[in-house]
Amino acid sequence: VIDVQAIMQNTRNIPSVICRTFPNVEDISIEVSHVEIVDESSFQHCVNLWRVNLNVNSITRIPDNTFRNNPSLQVFLAIVNRIDFIGNAAFTGTALRDINLEDNMLPTYNSLAFNSVASTLKELNLVGFKIKLKIHKI
């Protein structure tokens, strides 16, 4: 199995059994499934993973080391969630070229969260964020 899709399910977290059972999976899509928790155990055993689609869920955080065991990861989609925090090392260990976080709730832009993928990142979509910019007058 190289492609796993779960749509309109009811799960609070990403079942780590997916990657333990199918370690060669390359593409995981879990959409409209009430996912709230993503952490370093979510994709730990999916070393061939190149795409993760977590659109339309209830994720609030992408903590440090979430994808540390996914060196082939190139595409991460988490459109329409409630993400208000991304750890500085969340994407460390990946080769991400496309990150789409459209319509989430980050209050500020933290460039450190994307430093680890600065050399591979081609597209970063932050449209619809709740980011408030501070303008300092000189």
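Please read these numbers as outputs of a predicted model, since none were measured by experiment.

About the cut-offs
- Residues numbered from 1 in each chain as written.
- Predicted model: local features only at pLDDT ≥ 70, side-chain atom pairs only at ≥ 80, totals over all residues.
- Heavy atoms only, no water.
- Buried < 20%, exposed > 50% of the residue type's maximum accessible area, 1.4 Å probe, protein only.
- Helix = DSSP H or I, 4+ residues; strand = E, 2+ residues; numbered from the N terminus.
- Pairing = 2+ DSSP bridges.
- Salt bridge = Lys/Arg side-chain N within 4 Å of Asp/Glu carboxyl O.
- Disulfide = S-S within 2.5 Å.
- Axes fitted to C-alpha atoms, helices over the stretch in contact; angles between N-to-C directions.
- Phe/Tyr/Trp six-rings, centres within 6.5 Å; stacked < 30°, edge-to-face > 60°.

A. Highlighting the pairing of strand β2 (residues 27–31). In terms of burial, β2 is a largely internal element, four of the five residues being buried. Pairing of strand β1 (residues 3–7) with β2, which is carried by five bridges, proceeds in the parallel orientation. Directly across from Q5, in β2, lies its bridge partner S29. Summarising the sheet, β2 and strand β3 (residues 51–53) pair through three bridges and their orientation is parallel. From the neighbouring strand, D27 faces β3, where its bridge partner is R51.

B. Summary view of the pattern of salt bridges. A complete count under the given rule lists three salt bridges for this structure. With its nearest N and O atoms 3.2 Å apart, the salt bridge here joins R12 to E36. With R12 in the loop between β1 and α1 (17–21) and E36 in the loop between β2 and β3, this pair connects stretches of sequence that are 24 residues apart. Judged by its relative accessible area of 51%, R12 falls in the exposed class. Judged by its relative accessible area of 35%, E36 falls in the partly exposed class. Residue E40 pairs with R68 through a salt bridge whose shortest N-O separation is 2.9 Å. With a gap of 28 residues between them, E40 in the loop between β2 and β3 and R68 in the loop between β4 (61–62) and β5 (75–77) connect regions that are remote in the sequence.

C. Summary view of the state of the cysteines. Enumeration according to the criterion identifies one disulfide in this entry. A sulfur-sulfur distance of 1.8 Å marks the disulfide that ties C19 to C46. Handedness of the C19-C46 disulfide follows from its S-S torsion of about -100°: it is left-handed. Note that C19 is positioned in helix α1 and C46 in the loop between β2 and β3, a separation of 27 residues in sequence.

D. Just the sheet that holds β1, in detail. The sheet built from six strands is open, its strands ordered β1-β2-β3-β5-β7-β8 with parallel pairing. Looking at the sheet topology across the chains shown, the edges are occupied by β1 and β8 (123–125). Ignoring which end each strand starts from, the neighbouring axes of this sheet average 5° apart. Bridge count for β3 against β5 is three bridges, and the pairing is parallel. By the bridge assignment, V52 is partnered in β5 with F76.

E. Spatial organisation of the packing of aromatic side chains. Within the structure shown, the criterion is met by six aromatic pairs. Here F43 and F67 contribute two aromatic rings whose centre-to-centre distance is 5.5 Å and whose plane-to-plane angle is 15°, an arrangement assigned as stacked. Taken as a pair, F43 in the loop between β2 and β3 and F67 in the loop between β4 and β5 lie far apart in primary sequence, 24 residues in all. Note on F43: relative accessible area 0%, which makes it buried. The exposure class assigned to F67 is buried, which follows from its relative accessible area of 0%. Measuring from centroid to centroid gives 5.9 Å for F76 and F91, while their planes differ by 55°, and the two rings are tilted. You can see F76 sitting in strand β5 and its partner F91 sitting in the loop between β6 (85–86) and β7 (98–100), a full 15 residues away along the chain. No difference in accessibility class separates F76 from F91, as the two residues are buried. Through a chain of ring-to-ring contacts, the aromatic side chains of F43, F67, F76, F91, Y109 and F114 assemble into a single cluster.

Worth remembering: the numbers are spatial, not functional.
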